[in-house]
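A structural walkthrough
Chain residues, written in single-letter form:
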Amino acid sequence: MRLLEYLHDDLILPELSAGTKKEVLAELVQAVVRRHPEVDAAVALGVLYDRESLGTTGIGDGVAIPHGKLANISDIVVAMGRSVPGIDFDALDMKPCHLFFLVLAPEQVAGMHLRILAHISRLLKDPQFRRAMLDAPDGDAFRAIMHTT
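Reading the values: the criteria
- Residues numbered from 1 in each chain as written.
- Predicted model: local features only at pLDDT ≥ 70, side-chain atom pairs only at ≥ 80, totals over all residues.
- Heavy atoms only, no water.
- Phe/Tyr/Trp six-rings, centres within 6.5 Å; stacked < 30°, edge-to-face > 60°.
- Lys NZ or Arg CZ within 6 Å of the ring centre and 35° of its normal.
- Axes fitted to C-alpha atoms, helices over the stretch in contact; angles between N-to-C directions.
- Helix = DSSP H or I, 4+ residues; strand = E, 2+ residues; numbered from the N terminus.
- Parallel < 35°, antiparallel > 145°, perpendicular 65-115°, else oblique.
- Contact = heavy atoms within 4.5 Å.
- Nonpolar A, V, L, I, M, F, W, Y, C, P; charged D, E, K, R; others polar.
- Buried < 20%, exposed > 50% of the residue type's maximum accessible area, 1.4 Å probe, protein only.
- Pairing = 2+ DSSP bridges.
- Salt bridge = Lys/Arg side-chain N within 4 Å of Asp/Glu carboxyl O.

Bringing the packing of aromatic side chains into the picture now. The final tally for this structure, using the stated rule, is 1 aromatic pair. Geometry around phenylalanine 89 places lysine 21 over its ring, the cationic atom sitting 4.9 Å from the centre. Taking the ring centre of tyrosine 49 as reference, the NZ or CZ of lysine 22 above it sits at 5.0 Å.

What follows is the structure in structure tokens.
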């Protein structure tokens, strides 16, 4: 599986402007809506907030993988953002998150949704990969790193 099958260049945001957890989710969802106008931003945000209320998707090591399922999409959508200064995302290790992978899946697609979450998690367990993503000097370099996944 290649992550870029689901993560298009216009859904890679190398410099998030967000400063809070809610702003991160909103900024990533807005990127998705620009590419996929069938996605209702309010519904997507509601699904993500509901998921976060069950437990944080800030998994530690500066990484968060917010995710949820939507009824009105036909394919899995992945968006990715980076915040060099970091954002409090209520992560399990209580540290700021810098790398955010948003995964939205159709309600009826459970297996692939879980495989993508597991794939992202495996990639981000590699400290060298995380460091390369954080140290990328510009958007082009950041996208080039993402193309290696």
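On to the packing of helix H3 (residues 110-125) against helix H4 (residues 127-135). With their axes 5 Å apart at the nearest point, H3 and H4 run at an angle of 85 degrees to one another. Classified by the interaxial angle, the pair formed by H3 and H4 is roughly perpendicular. Judged by residue contacts, Leu123, Leu124 and Lys125 of H3 engage Pro127, Phe129, Arg130 and Met133 from H4. Split by residue class, the contact of H3 with H4 holds 5 nonpolar, no polar and 2 charged.

This part is about the pairing of strand E6 (residues 97-106). Across the 10 residues that make up E6, a large majority, 10, are buried. Direction of pairing for strand E3 (residues 63-64) relative to E6: parallel, over a ladder of 2 bridges. The partner of valine 63 across the bridge, within E6, is leucine 99. Both strand E4 (residues 67-70) and E6 contribute to a ladder of 4 bridges, which runs parallel. Each residue of the ladder has a partner; that of lysine 69, found in E6, is alanine 105. Relative to E6, strand E5 (residues 77-87) runs antiparallel, the two sharing 7 bridges. Paired with isoleucine 87 across the strands is cysteine 97, a residue of E6.

Evaluation of the coordinates by the stated rule reveals 4 salt bridges. Lysine 21 serves as the salt-bridge partner of glutamate 52, at 2.8 Å between the closest nitrogen and oxygen. With glutamate 52 in helix H2 (residues 41-54) and lysine 21 in helix H1 (residues 21-35), this pair connects stretches of sequence that are 31 residues apart. Here glutamate 52 matches lysine 21 in class, with each residue buried. Two residues, arginine 131 and aspartate 135, come together in a salt bridge whose shortest N-O distance is 2.9 Å. A residue pair is termed a helical-turn pair when its members lie 3 or 4 positions apart in one helix, as arginine 131 and aspartate 135 do in helix H4 at 4 residues. Taken together, the shared-partner salt bridges in this structure form one network comprising Lys21, Glu52 and Asp90.

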